[in-house]
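Breakdown of the fold
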Number of protein chains: 2
Amino acid sequence: MTRAPTTRTPRARTLAVSPQTAEGRVIIEAVVPQIDCGETPIKRIVGDTLEVEADVFTDGHEKIAVDVLYRPERETEWRRARMQFLENDRWAGSFTLDENARHLYTVEAWRDPFASWQAGVQKKRDAGQNLTLELENGLDLVRQAKPPRTAARAKDAIIAEAESSEAERATLLLAPRVLDFMSAHGRRDNVSRYGRELVVIADRKAAAFSSWYELFPRSQTENPRQHGTFAGVITQLPYVRDLGFDVLYFPPIHPIGKKNRKGRNNALSASPADPGSVYAIGSDEGGHDALHPALGTMDDFLRLIESARAHDLEIALDFAIQCSPDHPWIKEHPEWFEWRKDGSIAYAENPPKKYEDIVNVQFYGESFPSLWLALRDVVLFWIGKGVRIFRVDNPHTKPIPFWRWLIEEVNRKHPDVFFLAEAFTRPPMMRKLAKIGFQQSYTYFTWRDEKWDITEYINELMGEMAEYYRPNFFVNTPDINPLYLQTSGRPGFIVRSTLAAMLAGNWGIYSGFEICESEPLPGREEYLDSEKYEIRVRDFNAPGNIKDHIRALNRIRQENPALHDV
Amino acid sequence: MTRAPTTRTPRARTLAVSPQTAEGRVIIEAVVPQIDCGETPIKRIVGDTLEVEADVFTDGHEKIAVDVLYRPERETEWRRARMQFLENDRWAGSFTLDENARHLYTVEAWRDPFASWQAGVQKKRDAGQNLTLELENGLDLVRQAKPPRTAARAKDAIIAEAESSEAERATLLLAPRVLDFMSAHGRRDNVSRYGRELVVIADRKAAAFSSWYELFPRSQTENPRQHGTFAGVITQLPYVRDLGFDVLYFPPIHPIGKKNRKGRNNALSASPADPGSVYAIGSDEGGHDALHPALGTMDDFLRLIESARAHDLEIALDFAIQCSPDHPWIKEHPEWFEWRKDGSIAYAENPPKKYEDIVNVQFYGESFPSLWLALRDVVLFWIGKGVRIFRVDNPHTKPIPFWRWLIEEVNRKHPDVFFLAEAFTRPPMMRKLAKIGFQQSYTYFTWRDEKWDITEYINELMGEMAEYYRPNFFVNTPDINPLYLQTSGRPGFIVRSTLAAMLAGNWGIYSGFEICESEPLPGREEYLDSEKYEIRVRDFNAPGNIKDHIRALNRIRQENPALHDV
């Protein structure tokens with residue numbers, strides 16, 4: 001093929017249409033749902049029906065037809081559903097998400113010469129005009145139809161009938177059944193495809209509807225001087241299940257660093273008896289794929305997973321990337337860390353604050369891609385042990401491209417795994433984490449106290465954000481002892497749990513909430529004697545507890561489908 | 001280069017980042033102005049400053065810097081302007097459109113290690129911490145700077161000064177002037193580019209601010225039985241200019257078909273004296289590149305163009321694609337037209353209505369690309385004669401890909417040419433025509449009579465549409481004799497002209513408006529004895545005329561820059 005001189009041929013760059021397909025003559029615009037020009041997948045649940053709308057139109061008065069195209073990402077053939085005209089060039093169609101997987105969808109449209117022909121000829125017939133030539137044209141269109149073998153006889157029958165009687169030809173060719181046949185098998189002109197393939201992720205239901213209970217396994221003991229165990233957690237499962245929760249989430253359960261270990265209430269130095277912060281991960285006993293020896297063995301952990309499953313509870317683990325200065329990776333992979341000019345490792349800091357019990361990894365330079373793969377393998381390791389839910393600590397301080405890759409990488413093989421983003425930062429980053437993959441997200445809920453404030457926030461979450469951001473309304477966490485609860489007393493705990501459980505598809509409490517614990521570190525939004533740094537034993541039958549209320553909330557959630565989909 | 005096994009290397013498809021550039025770590029989102037994900041260029045005027053905003057952020061606490069990148073499309077090197085932080089991750093910058101051309105713009109951002117270093121070290125200094133190692137790091141960053149030769153000495157000076165005095169090193173390296181130097185020439189980490197290059201078209205000012213007067217050249221005669229001429233139009237130029245208009249627009253001035261010629265008031269048959277509809281273009285006297293012989297020669301036309309220019313008036317021509325059954329193209333290019341089974345040509349129709357004095361071209365099949373090129377050449381032909389403005393008849397009945405290509409093709413060589421879309425149809429098509437290139441558009445203004453109605457419509461035009469849709473508020477046209485004016489009398493003409501001239505950057509009247517002509521074809525929104533089908537001679541000094549008011553409106557528009565930019 002020779003290239004014609006540019007002066008004689010419209011340039012492809014500006015034309016964006018080929019003479020063969022004449023694509024682009026039918027305009028397809030404003031396809032929804034769609035976030036960020038299709039860069040952000042939207043989220044749904046397996047079994048949901050996705051409603052798709054688009055503006056579709058063409059020049060002149062020609063009739064058009066519109067299909068929504070869709071498929072699981074790993075398939076190559078599009079499935080189709082015909083869209084229906086609404087008004088003002090707006091069309092709507094839908095399809096069902098049958099599978100826990102990423103799906104693609106887009107819109108295709110074409111000019112329908114037979115439908116146009118019928119509409120024009122019907123008007124001419126009503127006006128008493130001569131139709132002889134027109135009917136020949138209509139019959140030609142039928143002859144051009146290309147039905148599959150199963151419908152070939154229907155085509156032949158229409159043609160035979162039309163040829164046999166000129167008198168009845170108009171009535172036949174204008175019949176709805178011929179329109180139906182031609183709509184499926186007739187010629188399609190100027191077939192045009194929407195410019196983007198959009199993505200919808202169909203998660204399993206728990207990604208959108210779950211009730212979380214958070215506890216520290218090391219506190220599952222009757223004696224605060226004795227370290228709790230996974231066996232102790234097993235004894236607590238009936239309690240958690242009885243309250244109606246379905247996800248049981250543990251802060252890190254790995255070996256804890258000894259160097260610069262924190263003492264009670266975040267003290268800079270620990271006494272020999274202090275267990276240290278669970279977030280200072282790693283010691284000579286192992287790193288992110290090891291268990292704290294005092295909690296038990298891997299067999300004990302597997303038994304716990306099994307037992308939880310028997311109680312209809314899922315275990316969620318914490319994925320916190322920082323390392324203690326004793327973490328095995330520091331010797332095995334010094335290139336993953338930042339070193340100072342004097343040869344010492346750079347501790348985590350937020351100047352002038354220093355966090356000397358942890359060091360941060362570097363994600364680029366020599367860490368790429370070996371660190372990324374190691375972190376993925378940590379997640380895969382725990383997936384191999386039966387874990388399907390991860391709460392991710394401080395994702396906003398790690399690179400967005402890393403999370404996007406990690407979550408896609410994990411979900412490709414394990415679409416039932418999901419991640420909860422514990423990011424508390426400015427709105428664009430919180431939204432971005434959800435956009436690039438996190439299936440659930442912490443929110444500003446704990447700081448929304450007033451009616452106007454809550455209303456405004458819920459409206460924000462229920463707007464465009466609802467397409468990709470699934471809030472998990474925790475009423476408290478080991479890091480957040482909300483000011484409201486510090487002064488509200490028991491009624492405040494009733495209020496906040498009711499709001500959380502009724503407003504969001506996902507909600508959660510951190511152990512102690514049900515007995516209205518709220519004693520703060522003075523002047524701070526943190527707990528006194530925080531469980532992050534010590535073992536805490538509680539009396540869950542303390543007077544004034546709100547266990548009955550929480551049980552009722554979770555029962556109401558289960559019984560009312562209207563509460564399942566936000 | 002060998003390909004590493006996929007299990008060892010994050011896949012490029014999902015990673016979207018290379019280890020070298022680490023692009024994507026700085027997130028750039030929500031760049032405005034932007035329409036349809038950048039598919040639709042925004043429109044501005046030469047000399048305008050384009051204000052650009054974006055959400056830009058990264059993980060952690062690192063400082064970032066942001067540039068807006070821009071260039072005329074034909075250049076290859078980006079120019080840059082630094083963007084400033086607003087709040088909540090929002091950044092703003094701007095650049096000036098110096099040239100009547102298409103420009104591209106996008107956003108680039110990076111992590112700024114020196115700025116981050118300064119911020120951290122300043123806090124540590126304020127807290128009285130030891131800075132020795134930190135200052136070494138800072139000095140290393142200065143050493144890594146890569147200034148152009150002109151700034152090499154400044155770098156050497158900073159290093160020499162820092163090395164000479166350890167005592168003063170902190171004061172020096174924390175100084176704003178060092179930050180400025182490093183901001184321009186220091187290392188940039190994780191340089192990230194926004195994913196789209198956006199387009200802004202800088203048109204000449206008349207595209208956004210113009211006052212139109214429409215007349216039929218054939219009516220520029222004192223005797224209605226005598227055909228007007230271009231020479232007659234020249235005598236009218238002072239009149240039009242005196243009213244304050246700057247664009248003088250003619251309906252088609254080409255030879256008119258004789259076969260099936262329409263008579264007065266759109267009668268199906270014409271008497272021998274009837275001149276026919278100006279929109280039935282083409283006869284044995286020529287087609288779209290010919291002049292109606294009775295109007296004059298091409299020299300007469302060129303004299304008119306010249307004379308108009310001397311009066312500060314621009315001539316706008318009509319570009320109407322349909323052909324009379326006598327058009328030369330029908331014999332030269334039968335493949336451009338639709339033929340019926342009996343060998344006759346298919347007239348234009350909108351069943352059951354037939355328009356037997358015109359036939360429509362086909363844009364695809366054998367017409368592609370020869371017809372497209374011929375139509376482009378018609379436009380280029382008149383551009384060659386000095387015409388720079390085209391009013392396009394019924395663009396919504398021709399393919400969108402054709403207009404997109406035609407306008408880009410013409411504007412690439414002639415950026416000062418612009419097109420006014422005469423589309424009256426549903427909103428998505430009217431908007432689309434503006435999106436794909438039309439620099440001005442007719443509107444629903446003539447049908448917006450009530451205060452609420454006008455307010456609502458203006459708000460719509462001033463919203464997102466203002467980025468690409470330039471309304472031209474015609475108060476009447478040869479096709480539209482508004483119902484309001486049919487009954488309002490003179491006050492209504494004052495009202496409507498005031499609204500049009502004050503609300504829109506572009507406005508226009510069709511001859512006769514200034515003497516309050518409004519006699520309708522009974523029950524219709526059309527003029528009785530329409531000038532489309534006959535020669536009309538008017539007395540512009542008729543009592544009750546509103547010429548003084550129109551003159552005042554156009555003077556007020558000229559004198560008040562606030563009226564120039566909508």
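Below, the structure is looked at part by part. A quick note: this is a predicted structure, and the numbers were derived from the prediction, not measured.

About the criteria used
- Residues numbered from 1 in each chain as written.
- Chains lettered and ligands numbered in written order.
- Predicted model: local features only at pLDDT ≥ 70, side-chain atom pairs only at ≥ 80, totals over all residues.
- Heavy atoms only, no water.
- Least-squares fit on C-alpha atoms with pLDDT ≥ 70 in both.
- Contact = heavy atoms within 4.5 Å.
- Pairing = 2+ DSSP bridges.
- Helix = DSSP H or I, 4+ residues; strand = E, 2+ residues; numbered from the N terminus.
- Axes fitted to C-alpha atoms, helices over the stretch in contact; angles between N-to-C directions.
- Salt bridge = Lys/Arg side-chain N within 4 Å of Asp/Glu carboxyl O.
- Buried < 20%, exposed > 50% of the residue type's maximum accessible area, 1.4 Å probe, protein only.
- Phe/Tyr/Trp six-rings, centres within 6.5 Å; stacked < 30°, edge-to-face > 60°.
- Lys NZ or Arg CZ within 6 Å of the ring centre and 35° of its normal.
- Lys, Arg positive; Asp, Glu negative; His and termini not counted.
- Polar contact = N/O pair within 3.5 Å; in protein donor to acceptor, adjacent residues only side chain to side chain.
- Disulfide = S-S within 2.5 Å.
- Core = buried A, V, L, I, M, F, W, Y, C linked by side-chain atoms within 4.5 Å.
- Buried area = accessible area lost by both parts, 1.4 Å probe.
- Nonpolar A, V, L, I, M, F, W, Y, C, P; charged D, E, K, R; others polar.

Right, let's talk about the relation of the copies chain A and chain B for a bit. Once chain A is rotated about the relating axis by 180° and shifted along it by 0.0 Å, it coincides with chain B to within an RMSD of 0.1 Å. Viewed as a symmetry operation, the transformation between the two copies matches a two-fold axis. Minimal C-alpha distance to the rotation axis in chain A is attained by A:Cys37, lying at 2.9 Å. Taken as a fraction of all interface residues of chain A, those also at the interface in chain B reach 99%, which identifies the copy contact as same-surface.

This next bit is on the sheet that holds strand S7 (residues 90–96) of chain B. A sheet is described by the order of its strands in space; here four strands give the open sequence S1-S3-S7-S6 (chain B), paired in antiparallel fashion. Both edges of this open sheet fall to strand S1 (27–32) and strand S6 (84–85) of chain B, since each of them pairs with a single strand only. Of the strand pairs in this sheet, strand S3 (residues 49–57) of chain B and S7(B) are connected by seven bridges, and their pairing is antiparallel. Considered in S7(B), the bridge of B:Asp55 is made with B:Arg90. Where helix H12 (residues 427–435) of chain A meets the sheet, it contacts S1 and S3 of chain B, and its direction lies at approximately 70° from that of S3(B).

Residues and elements named next belong to chain B. This structure, assessed with the given rule, holds 112 salt bridges over all chains. Of the charged contacts, one joins Glu 531 and Arg 538 as a salt bridge, the two residues approaching to 2.8 Å between their closest N and O atoms. By relative accessible area, Glu 531 is classed as buried at 1%. The class of Arg 538 is buried, set by a relative accessible area of 13%.

Turning to the packing of aromatic side chains, a few remarks are in order. The full count for this structure, using the stated rule, is 67 aromatic pairs over all chains. For the pair A:Phe95 and A:Tyr105, a centre-to-centre distance of 6.1 Å together with 50° between the ring planes defines the contact as tilted. You can see A:Phe95 sitting in strand S7 (residues 90–96) and its partner A:Tyr105 sitting in strand S8 (residues 102–111), a full ten residues away along the chain. Accessibility classification places A:Phe95 together with A:Tyr105 in one group, the buried group. Ring geometry for B:Trp329 and B:Trp336: centres 5.2 Å apart, planes at 80°, overall edge-to-face. The exposure class assigned to B:Trp336 is buried, which follows from its relative accessible area of 2%. A connected cluster of aromatic rings, assembled from ring pairs, spans A:Phe319, A:Phe363, A:Tyr364, A:Phe368, A:Trp372, A:Phe390, A:Phe402, A:Trp403, A:Trp405, A:Phe419 and A:Phe438. Over the aromatic face of B:Tyr457 sits the side chain of B:Arg448, whose NZ or CZ is 5.1 Å from the ring centroid. For the cation-ring pair, B:Arg496 lies above B:Phe445, with the distance from its terminal atom to the ring centre recorded as 4.2 Å.

All names here are of chain A. Mapped onto the fold, Lys 547 is located in helix H16 (residues 547–559). Buried and unpaired, Lys 547 has Asp 242 as its nearest opposite-charge partner, separated by 6.6 Å. One polar contact links Lys 547 to Asn 541, side chain to side chain, over a distance of 2.8 Å. When neighbours within four sequence positions are excluded, Lys 547 is seen to be in contact with Tyr 239, Leu 243, Glu 514, Phe 540 and Asn 541.

Further remarks concern the state of the cysteines. One pass over the structure, following the stated rule, counts one disulfide over all chains. Bridging A:Cys37 to B:Cys37, the disulfide has an S-S length of 2.0 Å. For the disulfide bridge between A:Cys37 and B:Cys37, the dihedral angle about the S-S bond is near -100°, and by the sign convention the bridge is left-handed. Within this pair, whereas A:Cys37 is found in the loop between strand S1 (27–32) and strand S2 (42–45), its partner B:Cys37 is found in the loop between S1 and strand S2 (42–45), the two belonging to separate chains.

All names here are of chain B. Of the pairings in the sheet, the one linking strand S14 (residues 347–350) to strand S15 (residues 353–359) comprises four bridges and is antiparallel in character. The partner of Glu 349 across the bridge, within S15, is Lys 354. What sits between S14 and S15 in their antiparallel hairpin is a turn of two residues.

It is worth spelling out the nonpolar core at this point. B:Tyr213, B:Trp403, B:Phe419 and B:Trp507 are the most contacted members of the largest nonpolar core, which has 117 residues in total. Top contributing element to this core by residue count: helix H10 (residues 370–384) of chain B, with nine residues. Other than its neighbours up to four places away in sequence, B:Trp403 contacts B:Phe319, B:Ile321, B:Val392, B:Pro395, B:Lys398, B:Leu433, B:Ile436 and B:Phe438. Among the nonpolar cores identified, the runner-up in size contains 116 residues, and A:Val392, A:Ile407, A:Ile436 and A:Ala504 belong to it.

As a further point, take the interface of chain A and chain B. Contact residues are listed per partner, giving 72 residues for chain A and 71 residues for chain B. Summed over both sides, the interface of chain A with chain B buries roughly 6,100 Å², with 57% coming from carbon and sulfur. Counting across the chain A and chain B interface gives 14 salt bridges. For B:Arg426, the salt bridge is made with A:Asp89, and the minimal N-O distance between the two is 2.8 Å. Counting every contact that joins chain A to chain B gives 14 residue pairs in polar contact (both at pLDDT 80 or more). Counting residues per element, the side of chain A that touches chain B draws most heavily on helix H11 (residues 400–413) of chain A, which supplies seven residues. Split into classes, the residues belonging to the side of chain A that touches chain B amount to 24 nonpolar, 15 polar and 33 charged.

All names here are of chain B. Among the secondary structure elements, Leu 433 is positioned in helix H12 (residues 427–435). Sequence separation between Leu 433 and His 396 is 37 residues, and the spatial gap between their C-alpha atoms is 7.5 Å. Look past the residues within four positions of Leu 433 in its chain and what remains in contact with it is Pro 395, His 396, Ile 400, Trp 403, Ala 423 and Phe 438.

Any functional reading would require information that these geometric values do not contain.
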